[in-house]
Amino acid sequence: MSTDVLIVDDDELIRVGLQAIIDAQPDLRVVGEAADGAEVPPLVARLRPRVVLMDVRMPAIDGIQATRLLLAASADPPRVLVVTTFENDEYVYEALRAGASGFLLKRARPVEVVTAVRAVAAGDSLLFPAAIRRLAGAYGGSGGDRLRAARLTEREAEVLRLMTTGLSNTEIAGQLVVGVETVKTHVGNVLAKLGVRDRTQAVIAAYESGFVVPTG
């Protein structure tokens, strides 16, 4: 079964290039495209893509607002993968805060594009710890008492701290000398207690609450 993808970018050359990369894969399929965020909600409602490749900067409705609209409109919205020219960009950080599962540079190699689409389609976050840390340090606001209100257990807090470094569940399990299923349970509890959709938003919450301090 193919993973359906919607491409949203105001640059036609970018749309054509991404479509060629994605449609060359047997398990991926581009089902539509849009040149602005304003076109996204009705297209998503009609085409039901699993992943939206979303340009972060567009003329009428940008990728940030379009991501917010998608997440508000459905109990099971598509995964959003932000596409950007510059990774150290306040727009990228705001899109991640709005609910995007990760970001992809427009200069990414075809294999990186395909890997990213497959990862977010599977429900994984596309997390680049160093980039998130830089973005949080430059543009992050204050999350106040969000972590305190979440009442994480000591082990859940430890798991969250390891999540901010970009470790996978298997790698966290190795660090803590526990089973992968145990880690999955802890990760699920962290996401639920923070009220976030995936690891990216959990990591951002960790930075903005001061639980982890951005450095470097």
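Criteria and thresholds
Sequence order as written defines residue numbering, which begins from 1 separately in each chain. Only residues with pLDDT of at least 70 get local features here, since the model is predicted, and only at 80 or more are side-chain atom pairs given and counted; chain-wide, interface and lining totals rely on the full set of residues. Hydrogens and water are ignored here; the side-chain numbers use all heavy atoms of the structure. We define a salt bridge as a side-chain nitrogen of Lys or Arg found within 4 Å of a carboxyl oxygen belonging to Asp or Glu. Put simply, DSSP H or I for four residues or longer makes a helix, DSSP E for two residues or longer makes a strand, and each gets a number counted from the N terminus. Only protein chains enter the calculation, and the probe is 1.4 Å; a residue is then buried if its accessible area is under 20% of its type maximum, exposed if over 50%, and partly exposed in between. Helices are assigned an expected span. That span is 1.5 Å times one less than the residue count. A contact between two residues is defined here by any heavy atoms of the two lying within 4.5 Å.

(A) A look at the pattern of salt bridges. Following the criterion strictly, the structure yields 12 salt bridges and no others. Salt-bridge contacts for Glu-94 lead to Arg-97; the nearest nitrogen and oxygen are separated by 3.3 Å. One end of the pair, Glu-94, and the other, Arg-97, are both in helix α4 (residues 90-98), 3 residues apart, so they sit about a helical turn from each other. On the accessibility criterion, Arg-97 (37% relative accessible area) is partly exposed. For Glu-208, the salt bridge is made with Arg-97, and the minimal N-O distance between the two is 3.2 Å. Of this pair, Glu-208 sits in helix α11 (residues 199-208) while Arg-97 sits in helix α4, and the two are 111 residues apart along the sequence.

(B) Layout of helix α1 (residues 12-23). Relative to the 16 Å expected for 12 residues at 1.5 Å per residue, α1 spans 16 Å between its end C-alpha atoms, a close match to the ideal helical length. Turning to α1, the residues buried within the fold contact β1 (3-8), β2 (28-34), β3 (51-55) and α5 (110-121).

(C) Structural detail: the side chain of Glu-94. Judged by relative accessible area, which is 19%, Glu-94 ranks as buried. Beyond its immediate chain neighbours, meaning those up to four positions away, Glu-94 contacts Ile-64 and Arg-68.

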